[in-house]
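# Working through the structure, step by step
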There are 2 protein chains.
Amino acid sequence: MASFHPLVASRVHLSPLLPTPAAAAAASFHRRRFSAIVAAATAPTTTEFDFKTYMGERAVAVNRALDAAVPAGEPPAALHDAMRYALLAGGKRVRPALCLAACSVAGGREAWAMPPAAAVEMVHTMSLVHDDLPCMDDDDLRRGKPTCHVVYGEPIAVLAGDALLSLAFKHMADVDSYPADVDTDKHAARVVRAIGELARCIGSEGLVAGQVVDLEMTGSTETVPLDRLEYIHLHKTAALLEASVVIGAIIGGGSDEQIERLRKYARSIGLLFQVVDDILDVTKSSEELGKTAGKDLASDKTTYPKLLGLEKSREFAEKLLCDAKEQLADFDKEKAAPLLYLANYIAYRQN
Amino acid sequence: MASFHPLVASRVHLSPLLPTPAAAAAASFHRRRFSAIVAAATAPTTTEFDFKTYMGERAVAVNRALDAAVPAGEPPAALHDAMRYALLAGGKRVRPALCLAACSVAGGREAWAMPPAAAVEMVHTMSLVHDDLPCMDDDDLRRGKPTCHVVYGEPIAVLAGDALLSLAFKHMADVDSYPADVDTDKHAARVVRAIGELARCIGSEGLVAGQVVDLEMTGSTETVPLDRLEYIHLHKTAALLEASVVIGAIIGGGSDEQIERLRKYARSIGLLFQVVDDILDVTKSSEELGKTAGKDLASDKTTYPKLLGLEKSREFAEKLLCDAKEQLADFDKEKAAPLLYLANYIAYRQN
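Residues numbered from 1 in each chain as written. Chains lettered and ligands numbered in written order. Predicted model: local features only at pLDDT ≥ 70, side-chain atom pairs only at ≥ 80, totals over all residues. Heavy atoms only, no water.

## Details of the overall build of chain A
Defined as follows: A run of H or I in DSSP counts as a helix once it spans at least four residues, and a run of E counts as a strand once it spans at least two, with each numbered from the N terminus. Buried residues are those whose accessible area, probed at 1.4 Å on protein chains only, stays under 20% of the maximum for their type, while exposed residues exceed 50% and partly exposed ones sit between those limits. Working rule for contacts: check all heavy atoms of both residues, and any pair within 4.5 Å makes them a contact. Note that accessible areas follow from Shrake-Rupley with a 1.4 Å probe, and for residues the cover is restricted to the protein chains shown.
Along its length, chain A carries 17 helices and two strands. Every one of the 351 residues in chain A was classed for burial, and the buried ones make up 58%. In chain A, once contacts between residues fewer than 6 apart in sequence are set aside, the share between residues at least 24 apart is 77%. Approximately 13,200 Å² of chain A is accessible, and the part contributed by carbon and sulfur atoms is 53%.

## With respect to the interface of chain B and chain A
Definition in use: Accessible area that two parts lose when put together, with a 1.4 Å probe and added across both, is what the buried area reports. Should a side-chain nitrogen of Lys or Arg be within 4 Å of a carboxyl oxygen of Asp or Glu, the pair is scored as a salt bridge. Polar contacts, as counted here, are pairs of nitrogen or oxygen atoms within 3.5 Å of one another; within protein the pair requires one atom able to donate a hydrogen and one able to accept it, and residues that are adjacent in sequence qualify only if both atoms are side-chain atoms. Amino acids outside the nonpolar list (Ala, Val, Leu, Ile, Met, Phe, Trp, Tyr, Cys, Pro) and the charged list (Asp, Glu, Lys, Arg) are all regarded as polar, and Gly is one of them.
Counting residues at the interface gives 43 residues for chain B, matched by 43 residues for chain A. Taking both sides of the interface into account, the surface hidden between chain B and chain A amounts to around 3,300 Å²; carbon and sulfur atoms contribute 80%. Three residues stand out in chain B for area buried against chain A, namely Leu159(B), Lys170(B) and Val192(B), and they jointly supply 16% of the buried area on that side. Taken together, the links from chain B to chain A amount to two salt bridges. For Glu205(B), the salt bridge goes to Lys170(A), with nearest N and O atoms at 3.3 Å. Taken together, chain B and chain A are joined by eight residue pairs in polar contact (both at pLDDT 80 or more). When contributions to the side of chain B that touches chain A are tallied by element, the ones reaching two or more residues are helix 4 (77–87), helix 6 (114–131), helix 8 (154–173), helix 9 (184–200) and helix 10 (207–217) of chain B. Examining the composition of the side of chain B that touches chain A, we find that twelve residues originate from one element, helix 8 of chain B, more than from any other. Considering only residue class, the side of chain B that touches chain A consists of 30 nonpolar, seven polar and six charged.

## Regarding the pattern of salt bridges
Taken as a whole, this structure holds 46 salt bridges over all chains when the rule is applied. Here Glu205(A) ties to Arg200(A) by a salt bridge, and the two come within 3.9 Å at their closest N and O atoms. Relative accessible area serves as the criterion here: at 38%, Glu205(A) is assigned to the partly exposed category. The partner of Asp183(B) in a salt bridge is Lys186(B), and the shortest N-O contact between them spans 3.9 Å. A relative accessible area of 29% means that Asp183(B) is categorised as partly exposed. Take Lys186(B): its relative accessible area is 46%, and that puts it in the partly exposed class. When salt bridges with common partners are traced through the structure, they connect Lys170(A), Glu197(B), Arg200(B), Glu205(B), Glu242(B), Glu260(B), Arg263(B) and Arg267(B) into a single cluster.

## Here we look at the side chain of Asp131(A)
All names here are of chain A. Quick reminder of the rule: Positive residues here are Lys and Arg, negative ones are Asp and Glu, while His and the chain termini are left out of the count.
Turning to its location among the elements, Asp-131 is positioned in helix 6 (residues 114–131). Buried charge Asp-131 goes without a salt bridge, the closest partner of opposite sign being Lys-236 at 4.2 Å. Reaching out from Asp-131, the side chain makes a polar contact with the side chain of Gln-211 at a distance of 3.5 Å.

## Considering the confidence of the model for chain A
Inclusion rule: The predictor's confidence in any single residue is recorded as pLDDT, a number from 0 to 100.
Averaged over all residues, the pLDDT of chain A equals 86, while 83% of them reach at least 70. This model gives residues 1–46 of chain A a pLDDT under 50, and the stretch forms 75 contacts once residues within four places in sequence are excluded.

## A closer look at the environment of Leu167(A)
Residues and elements named next belong to chain A. By the element assignment, Leu-167 lies in helix 8 (residues 154–173). Leu-167 gets classed as buried once you look at its relative accessible area, which sits at 10%. Taking the C-alpha atoms as reference, Leu-167 lies 7.6 Å from Ala-119; in sequence the two are 48 residues apart. The contact partners of Leu-167, leaving out residues within four places of it in the chain, are Ala-69, Val-70, Met-83 and Met-122.

## Thoughts on the packing of aromatic side chains
The condition is simple: Two rings belonging to Phe, Tyr or Trp (six-membered ring only in the last case) form a pair when the distance between their centres is within 6.5 Å. Interplanar angles under 30 degrees mark stacking, angles over 60 mark edge-to-face geometry, and anything in between is tilted. As a reminder, the over-ring test applies to NZ of lysine and CZ of arginine, requiring each to be within 6 Å of the ring centre and within 35 degrees of the ring normal.
One pass over the full model with this rule turns up 15 aromatic pairs over all chains. Ring centres 6.5 Å apart and planes at 50° place the aromatic pair Phe49(A) and Phe51(A) in the tilted group. For Phe49(A), a relative accessible area of 14% corresponds to the buried category. Classification of Phe51(A) by relative accessible area gives buried; the value is 1%. On the numbers, 5.9 Å between centres and 25° between planes, the contact of Phe51(B) with Tyr341(B) is stacked. Residue Phe51(B) is found in helix 3 (residues 51–69), and its partner Tyr341(B) is found in helix 17 (residues 333–348); the two are separated by 290 residues along the sequence. For the pair formed by Phe51(B) and Tyr341(B), the shared burial category is buried. One aromatic cluster is present, formed by Phe49(A), Phe51(A), Tyr54(A), Tyr341(A) and Tyr345(A) through successive ring pairs. Geometry around Tyr54(B) places Arg58(B) over its ring, the cationic atom sitting 3.8 Å from the centre.

## Quick notes on the relation of the copies chain B and chain A
Our working definition: The atoms used to superpose the copies are C-alpha atoms, taken from residues with pLDDT of at least 70 in both, and the fit is least squares.
Superposition of chain B onto chain A requires a rotation of 180° combined with a translation of 0.0 Å along the rotation axis, giving an RMSD of 0.0 Å. Put plainly, the chains are arranged around a two-fold axis. Considering only C-alpha atoms, the part of chain B nearest the rotation axis is Ala188(B), at 2.7 Å. A symmetric contact is evident, with 100% of the interface residues of chain B recurring at the interface of chain A.

## Remarks on the environment of Ala157(A)
Residues and elements named next belong to chain A. By the secondary structure assignment, Ala-157 is in helix 8. For the pair Ala-157 and Leu-272, spaced 115 residues apart in the sequence, the C-alpha separation amounts to 29 Å. Residues within four places of Ala-157 in sequence aside, it is in contact with Val-129, His-130, Leu-133, Cys-148 and His-149.

## Quick look at helix 5 (residues 94–105) of chain B
All names here are of chain B. As a reminder, the rule being used: Any helix carries an expected span of 1.5 Å times its number of residues minus one.
For helix 5, with twelve residues, the first-to-last C-alpha span of 16 Å sits near the 16 Å given by 1.5 Å per residue. The element helix 5 is largely enclosed, with a buried count of twelve among its twelve residues. Elements in contact with the buried residues of helix 5: helix 3, helix 6, helix 11 (226–251), helix 12 (256–283) and helix 17.

See the structure below:
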């Protein structure tokens, strides 16, 4: 069996995600820096893991579930159209993939986690729709397209967000959403626990809290201290990534100890996700990002690059990636491969 | 045992809720009209039921649960303050009372249903906060106080609504919210089913759908047909009242047949609630209602009085009250008393 270096596979399979020469150069720079860490980290030693195919297949399956969950053309048509517009606008489906992968690594069948995987994407979409509103971040562009309120108006955008949020819970609670081979005796208790995790990550302990503190900081003249910045990101970004992983692990039947290790993994990649987002905002164009670039800079928003500088921000990202991978060490290597690659992907993504 | 007429008790115990002579006259008019129906309907034949004390005690318990569910002063303070402002602004707690009463009539202990009872009030509050927004109904007054966005601003009002919605599910899913004597083997499955009911009544099959169609109709020059008006009310108002009752019945361990009978009861009182609301809007002052009166008329909104006239609207209310009471006939009379009185209360309330 050939010795395997995950970043070789990353380079091979992620290459279509790195289209511009500048991006490729940046990625190569990252790879060199990261290589020492990654060599020491857990890596699948069996067949080469095809991350691009893995993500592509999951995105197709998740999109199918999302498409089926929101009926096209049914009344009220404007509401369903707006929900579908926001939900099916593309996106890499990172959160659902994390949920599915965590279910598998915790010992479950991946299909068991499809309903919660769709649910976390609904919650993510809802938070984007509401955060983009004129009274919030006032963003006109999202995933390269006009935002929901630009197309459907503010009232429908608010209501589509509300409907997506409740649909997430409806979808998770619907027994008919799950395959027949779930462990019937334990399934309901797992679903209740998973719903609790999802609900917790949205409100005043999660997404919403992060957005509130973010809004308070925006336009403020004082420099935001690092711990406040971390609070925002842990709530606004990491909380839902954490919930995605933890929910998958719960539905997969993971032990409490496994669930907590995966929670730590998720917290690290959650913060990593935002640090990389901040870096991308100052290093990429709007076209490359599919959303307004340089917005943080223009609005004088505190970001990791602003607070730490670009170099130290990249070092922090390295540390977070390393921390995340450490948590995967004791899991089955083959089953943990998707989570390892997802961590790499979040670190090296270009948009 | 003395023969018992529920409206005699209503007159005694509801009297403090009917403060003005005009209101008393109207109520007396209603009572005469309703008496034939009520005489034929199920009524408790044991001791007189003290509805006012019943509602007062439940409101105190529900307010305590709501107060505990949203920590005062914890960061982010603005968010928690806004949630508490909207949630603890008074209100009659009709939905929680329905939930608790349905749990009891279905055979459970009322305390089992306290977490979902608090949850339905959170959802109700969230829908009020979002519906009041400037981009929606643009209402400045609610329960006699400035609306949430007037006090805390639009962004916090949107986010407080989102946080209340997710808190409802968190609260229902949290096993620690429930008393220790719930039927452990069946509890998780009941909670999952109840969460599904709650989620369904919010989104594109419930509150949100009703609000979307309501917004579409507002300002439209065409006359709204009766079936469209009923669609709005069944979704905007009846759906959550239905969920409140059904969730209570599920948590109480009711049979499928009992749950469906209670669902029918709830649909009737749900529509009744809105018909009475429409009637009150044209017959009461802002001061009496604690919200802007005559708003429907001023905005040329289609209402039952506009479509059917006041007299026919009252007849329709009578029919709905009668339908609701019929569904209670086969339940234990003493346990069903609160639901019977709640139906009367919804029919005869003055604000």
